[in-house]
Amino acid sequence: MKNTTDGCKKPTLSHSSPLVLKDIRKTYGEIVAVDRVNLELREGEFLTFLGPSGSGKTTTLAMVAGLQNPSSGSIYLNGEPLDPLPPYRRNIGMVFQHYALFPHMTVAGNVAFPLEMRKLPRSEVRKRVDEALELVGLPEMAKRFPAELSGGQQQRVALARAIVFKPPLLLMDEPLGALDRKLREQMQLEITRLHRELKTSILYVTHDQEEALVMSDRIAVFNKGLIEQIGSAHELYEKPMTKFVAGFLGDSNFFGATVREVRGDCCLLDSQNGPLRASNTSRLKAGDKAVVAVRPERISFFANGHNGVAHNTLKGRVTDIIYLGQSSKYVLKMPDGTEIRALQQAQTEGGHKIALGDEVSVMWHETQANALAEKQRD
Amino acid sequence: MHMSLSGGTGIWWRWGRLLMCGLAVVYVIAPLIIVVILSFSSAPFLTFPPPGLSLQWYESLFGNPVWYGSLLTSIKILVPTAILATAIGTAAAFGMSRSEFRGKSIIAGLIMSPIIVPVIITAVGMFGAFRSLGLFGTLAGLIAAHTVLTVPFVFATVSGALSVIDQRLEGAAATLGATPWVSFRRVTLPLILPGILSGLLFAVVISFDELVVSMFISTPAVRPITVQMWSNVRGAVDPTIAAVASILLLFCLSALVAQFMIDRGGDRRVDR
């Protein structure tokens, strides 16, 4: 399809071209699990499917693995259609949420399994198993059974088993979901390190946005069976294209508004809270219904009085202050009843302290707000 | 205060429990012990306690072609029965656990029906059917009948084993390059093997022990040991029957021990 030439030019055969999903759809009777997913994975990329449970991300992954068949659409790996291939001919590594280690085989037996399926000679199998266990930091556990390992160790074994046959693509389905927070953060770094060392393309499924931000080159945000937006963490955070993305990745304040005028990349809007200006992220036209999204940390307070600007300026009463250490979160109530959340770094305002019940004025810069199309899917 | 009180009742409870369990065990196994003792009796009829000890009834058992012939017939029935029932029961359990269709529970009920329907009804049904099919009084007929009676046990134990193992293991095996057959052989089969072996043991013991259906469909020419025992009791009772019973008992005890070993073997990997 595209980008076999751009990006990193590794001449390795298995890395020659990306995974492509074309109009993938999966229905169970009346229920639409995956509506229409289009996607192109880049060479050596770490791409995360992020979304709430039931948004279709795991089903999409299962279709790439071949564990489920799409109702319609096609999947291509290295330019070849994957659909006619059963899972055992796809040569794609997969790590499952609950490890799915074979309980009756030792750690070495588990890791050797895919190599035995490929009929590699014994000496080669042993060498590769040792390498893989070394890579995940479990060289001394080879003779143990999975039940004798901790959750974190089991996940490392599952990882070793999925990479030992050097698949060009690695799928990971919420692999850290069953681990506690500390272990999860440690494993995130290890998986990132492995990705750098192996240069394999990775599709990673999670519902944890922090995990997605830490690990991914790009993130595909899933919602109700569709990819809402795909891009780098920075793009998704700074330029969310839909209200769902603006609300799911980080926090946003939303203001309903109508576009009055478009000026270059910026648009002027009318809202109940007065005139607003924002980046015209959704390419709106005059008269369109819109939602303006503003991040809490992009909202600043200014001392009562006038800042000389008529737009993006709101007055409200402080109804809640949540101390967060490095910063504080303020909840303001506007005259029309809507609430705004604003985040302020500690010790920014020189001496002036905002207290509960204060009447305050807030503002934000027009480039820090995104005007999004008011489209709501059900 | 509380401790001493509960300690006091604890001792009473412990002795009471031991006594009750002891009585129950004696009640259950006393007939077995008596049979074993009788089989070594020197008297020519079944009296207890025996006046002296001898091995004559074991000699009679292995010296009399009627007895060892029927013992051989029983073995000729139980070996193919156990193999057939294990294969059919395992295949049925695997098929049922890996597919979803209308009327699945009805099919499962039908497979289990031979142990729910009173045996005498099955026996009468087979009696009628086998006569018209030409299976009456044949080894093949007895094997077929015993297979029907033992498949439910294999089906139940293997279904139980399958319900415990994680189905995602087969998915994992597939992504690692295992064809469905290899995945079954290398992953599923080893995990359900204890269940299959339990079912096999059930099949062996039940076939060996089966009387009612065998009585209906066997003839003096092809007569399993249980039917032979039954007709012996009704004629001239001699302690040979006690010797036969002791051998049956020994056989079942071995099966129990084997079952115990299978369970021990399975536990090591599954839970910890």
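Residues numbered from 1 in each chain as written. Chains lettered and ligands numbered in written order. Predicted model: local features only at pLDDT ≥ 70, side-chain atom pairs only at ≥ 80, totals over all residues.

**Observations concerning the overall build of chain B**
Okay, so step 1: In terms of regular secondary structure, chain B is built from eleven helices and zero strands.
Okay, so step 2: Ordered by position from N to C terminus, the α and β elements of chain B give α-α-α-α-α-α-α-α-α-α-α.
Okay, so step 3: Over its C-alpha atoms chain B spans a radius of gyration of 24 Å, topping by over 25% the 19 Å that the globule rule assigns to 272 residues.
Okay, so step 4: For chain B, the spread of C-alpha atoms along the principal axes amounts to about 75 × 70 × 30 Å.
Okay, so step 5: Each of the 272 residues in chain B was classed as buried or not, and the buried ones make up 33%. (Helix = DSSP H or I, 4+ residues; strand = E, 2+ residues; numbered from the N terminus. Rg over C-alpha atoms; globule rule 2.2 N^0.38 Å. Buried ≥ 20, exposed ≤ 12 C-beta atoms within 10 Å, placed from the backbone.)

**Comments concerning the overall build of chain A**
Okay, so step 1: Helix and strand counts for chain A stand at eight helices and 20 strands.
Okay, so step 2: Seen along its three principal axes, the alpha-carbon backbone of chain A occupies a region of about 80 × 45 × 40 Å.
Okay, so step 3: The 378 residues of chain A split such that 42% are buried.

**Considering the interface of chain A and chain B**
When the parts of a complex come together, some accessible area is lost, and that lost area is often taken as the interface size.
Okay, so step 1: Listed by partner, the interface residues are 19 residues for chain A and 18 residues for chain B.
Okay, so step 2: Among the elements that take part in the side of chain A that touches chain B, helix α2 (residues 107-117) of chain A stands out by supplying three residues, more than any other. (Contact = placed C-beta atoms within 7 Å.)

**Description of the nonpolar core**
Okay, so step 1: One finds V111, L171, L203, A220, V221 and V292 of chain A to be the most contacted residues of the largest nonpolar core, which totals 141 residues.
Okay, so step 2: Shared between two domains, this core holds at least three residues of each, these being domain 1 (13-238) and domain 2 (251-373) of chain A.
Okay, so step 3: Sequence-distant contacts of L203 of chain A, defined by excluding residues within four places in its chain, comprise L41, L47, F49, L61, V64, L169 and L171 of chain A.
Okay, so step 4: In this structure, L61, I225, A242 and V244 of chain B belong to the second largest nonpolar core, which totals ten residues. (Core = buried A, V, L, I, M, F, W, Y, C linked by C-beta atoms within 7 Å. Domains from an automatic or database assignment.)

**As for α2 of chain A**
All names here are of chain A.
Okay, so step 1: With eight of eleven residues buried, α2 lies mostly within the body of the structure.
Okay, so step 2: All buried positions along α2 are accounted for by V107, A108, N110, V111, A112, F113, P114 and L115.
Okay, so step 3: Looking at the buried positions of α2, the neighbouring elements they touch are α3 (122-135) and α4 (151-163).
Okay, so step 4: Following α2 by one or two positions, K119 adopts a phi angle in the positive range, close to 55°.

**What about the domain arrangement of chain A?**
Okay, so step 1: Domain assignment breaks chain A into domain 1 (13-238) and domain 2 (251-373).
Okay, so step 2: One C-alpha centre belongs to domain 1 of chain A, the other to domain 2 of chain A, and the line joining them spans 40 Å.

**Quick word on the sheet that holds strand β6 (residues 93-95) of chain A**
The strands making up a sheet are joined through hydrogen bonds of the backbone, oriented either antiparallel or parallel.
All names here are of chain A.
Okay, so step 1: Ordered in space as β6-β7-β8-β3-β9-β10, the six strands form an open sheet in which the pairing is mixed. One side of each edge strand has no neighbouring strand; the edge strands of this open sheet are β6 and β10 (226-231). Mean inter-strand twist for the sheet, computed between neighbouring axes without regard to direction, equals 15°.
Okay, so step 2: The pairing of β6 with strand β7 (residues 169-173) spans three bridges and is classified as parallel. Counterpart to M94 in the pairing with β7 is L171.
Okay, so step 3: This element, α4, spans β6 and β7 of the sheet and lies at about 170° to β6. (Pairing = 2+ DSSP bridges. Axes fitted to C-alpha atoms, helices over the stretch in contact; angles between N-to-C directions.)

**Details of the pairing of strand β19 (residues 359-363) of chain A**
Residue and element names in this part refer to chain A.
Okay, so step 1: Pairing geometry for strand β15 (residues 300-302) and β19, over three bridges, is antiparallel. The residue bridging F301 from the neighbouring strand is V362, located in β19.
Okay, so step 2: Looking at chain direction, strand β16 (residues 313-323) and β19 are connected through five bridges and run antiparallel. Residue K315 lies in a different strand from β19, and its bridge partner there is S361.

**A look at the environment of T200 of chain A**
All names here are of chain A.
Okay, so step 1: When you line up the elements, T200 lands in the loop between α5 (181-198) and β8 (201-206).
Okay, so step 2: For T200 and E43, which are 157 residues apart along the polypeptide, the C-alpha to C-alpha distance reads 8.2 Å.
Okay, so step 3: Contact partners of T200, with chain neighbours within four places excluded, come to P167, P168, L169, L170 and H195.

**Some words on unusual backbone geometry**
Residue and element names in this part refer to chain A.
Okay, so step 1: We note that N78 has phi near 55°; this positive angle belongs to a residue other than glycine.
Okay, so step 2: Its 17 C-beta neighbours within 10 Å are what place N78 among the partly exposed residues.
Okay, so step 3: One non-glycine residue, K199, lies in the positive phi region at around 60°.
Okay, so step 4: Mapped onto the fold, K199 is located in the loop between α5 and β8.

**Looking at the pairing of strand β11 (residues 253-263) of chain A**
Residues and elements named next belong to chain A.
Okay, so step 1: Bridge count for β11 against strand β14 (residues 289-294) is six bridges, and the pairing is antiparallel. Following the sheet pairing, G256 is matched in β14 by V291.
Okay, so step 2: Pairing of β11 with strand β12 (residues 266-271), which is carried by six bridges, proceeds in the antiparallel orientation. The residue bridging R263 from the neighbouring strand is C266, located in β12.
Okay, so step 3: Where β11 hands over to β12, the hairpin turn is made up of two residues, of which G264 adopts a positive phi near 65°.

**Some details on the packing of α2 of chain A against α4 of chain A**
Residue and element names in this part refer to chain A.
Okay, so step 1: Close contact between α2 and α4 brings their axes to 7 Å; oriented N to C, the two are set at 25°. Of the possible angle classes, the one that applies to α2 and α4 is roughly parallel. Once α2 is placed against α4, the crossing between them reads as right-handed. For the pair α2 and α4, contact is made by V107, N110, V111, F113 and P114 and by V157, A160 and R161, respectively. (Parallel < 35°, antiparallel > 145°, perpendicular 65-115°, else oblique. Left-handed = near helix turned anticlockwise from the far one by under 90°.)

**Focus: the sheet that holds strand β18 (residues 339-345) of chain A**
Residue and element names in this part refer to chain A.
Okay, so step 1: Taken together, the five strands give an open sheet; going across it, the order is β15-β19-β16-β17-β18, and neighbouring strands pair in antiparallel fashion. Whereas interior strands pair on both sides, the edge strands pair on one side only; in this sheet they are β15 and β18. With strand direction ignored, the average angle separating the axes of adjacent strands in the sheet is 50°.

**Focus on the confidence of the model for chain A**
Residue and element names in this part refer to chain A.
Okay, so step 1: Here chain A averages 86 in pLDDT, while 91% of its residues score no lower than 70.
Okay, so step 2: Ranking the elements of chain A by mean pLDDT puts β15 last with 81 and α2 first with 96.
Okay, so step 3: In the model, residues 1-16 has pLDDT below 50 throughout and makes 19 contacts with residues more than four positions away in sequence or in other chains. (pLDDT = per-residue confidence, 0-100.)

**Focus: the environment of R90 of chain A**
Residues and elements named next belong to chain A.
Okay, so step 1: One can find R90 in the loop between β5 (80-81) and β6.
Okay, so step 2: Judged by the 21 C-beta atoms lying within 10 Å of it, R90 falls in the buried class.
Okay, so step 3: With sequence-adjacent residues up to four places away left out, R90 is seen in contact with G66, L82 and L85.

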